[in-house]
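Working through the structure, step by step
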Amino acid sequence: MNSVVIDTPVGPVEITEWDGAVISIIETTRRPDAAECGGVLALAVGQLGEYFSGHRREFSFPVSPRGTDFQLAVWKEVRQTPYGSRRTYGDIALSLGNPSAVRAVGSAVGKNPLLFVVPCHRIVAAHGPGGFRLGPDAKRALQNLETR
């Protein structure tokens, strides 16, 4: 398992890879050290840089998130949310065939281990912005990045 910390417009994140795939991109308090990476980590760092500069809408580096079957299903469905668009937690629950699972979807979205790649910042509450692990300002900043 290898990891690298990079700075992003919404704060530092740690990218962790295991067995040739990125398993997590999460917030951290560690200092950036991107110069020390290669392989899939370098690919992820490069693609995230392109995303934040407005030149990438989808990621193509290999990922392998860890979670329950339900979480994996939610994260897969969240990844289907197009760049610059929004869906609600209810939309995700309905797409999974369980419209009453809105709170469970919200919980799974909140545990997303792949920030930006699984674009949980595109998922909103039915009557408001919804939560985001990096906070409301970061959620708004990412949404604005994708609509400019």
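Residues numbered from 1 in each chain as written. Predicted model: local features only at pLDDT ≥ 70, side-chain atom pairs only at ≥ 80, totals over all residues. Heavy atoms only, no water.

What follows covers the overall build of the protein chain. Along the backbone of the protein chain there are five helices and five strands. The order of helices and strands in the protein chain, counted from the N terminus, is β-β-β-α-α-β-α-α-β-α. Radius of gyration (C-alpha) of the protein chain: 15 Å, near the 15 Å computed for a compact globule of 148 residues. Judged by the C-alpha coordinates and their principal axes, the protein chain covers about 45 × 35 × 25 Å. Burial statistics for the protein chain: of 148 residues in total, 44% are counted as buried. For the protein chain, the proportion of contacts with a sequence separation of at least 24, taken over those separated by at least 6, is 55%. In the form shown here, the protein chain has an accessible surface area of approximately 7,700 Å², with 51% of it arising from carbon and sulfur atoms. Separation of charge centres in the protein chain, based on 16 positive and 14 negative side chains, amounts to 7 Å. (Helix = DSSP H or I, 4+ residues; strand = E, 2+ residues; numbered from the N terminus. Rg over C-alpha atoms; globule rule 2.2 N^0.38 Å. Buried < 20%, exposed > 50% of the residue type's maximum accessible area, 1.4 Å probe, protein only. Contact = heavy atoms within 4.5 Å. Areas by Shrake-Rupley, 256 points an atom, 1.4 Å probe, with all protein chains shown as cover. Lys, Arg positive; Asp, Glu negative; His and termini not counted. Charge placed at Lys NZ, Arg CZ, Asp CG, Glu CD.)

This part takes up the pairing of strand 2 (residues 13-18). Judged by how many residues are buried, strand 2 sits mostly within the fold: five of six residues are covered. Looking at chain direction, strand 1 (residues 2-6) and strand 2 are connected through five bridges and run antiparallel. By the bridge assignment, Ile-6 is partnered in strand 2 with Val-13. Between strand 1 and strand 2, which pair antiparallel in sequence order, lie six residues; one of them, Gly-11, sits at a positive phi of approximately 115 degrees. In terms of strand pairing, strand 2 meets strand 3 (residues 21-27) through six bridges, oriented antiparallel. Within the sheet, the bridge partner assigned to Glu-17 lies in strand 3 and is Val-22. Hairpin connection of strand 2 to strand 3: two residues between the antiparallel strands, including Asp-19 at a positive phi of 55 degrees. (Pairing = 2+ DSSP bridges.)

The next subject is the side chain of Gln-143. Within the secondary structure, Gln-143 is located in helix 5 (residues 136-147). A polar contact is formed between the side chain of Gln-143 and the backbone oxygen of His-121, at a distance of 2.9 Å. Among residues more than four places away in sequence, those in contact with Gln-143 are Arg-86, His-121 and Val-124. (Polar contact = N/O pair within 3.5 Å; in protein donor to acceptor, adjacent residues only side chain to side chain.)

This next bit is on the confidence of the model for the protein chain. For the protein chain, the average pLDDT comes to 94, and 98% of its residues sit at 70 or higher. Across the protein chain, the secondary-structure element scoring lowest on mean pLDDT is strand 1, at 93, and the one scoring highest is helix 2 (residues 69-78), at 98. (pLDDT = per-residue confidence, 0-100.)

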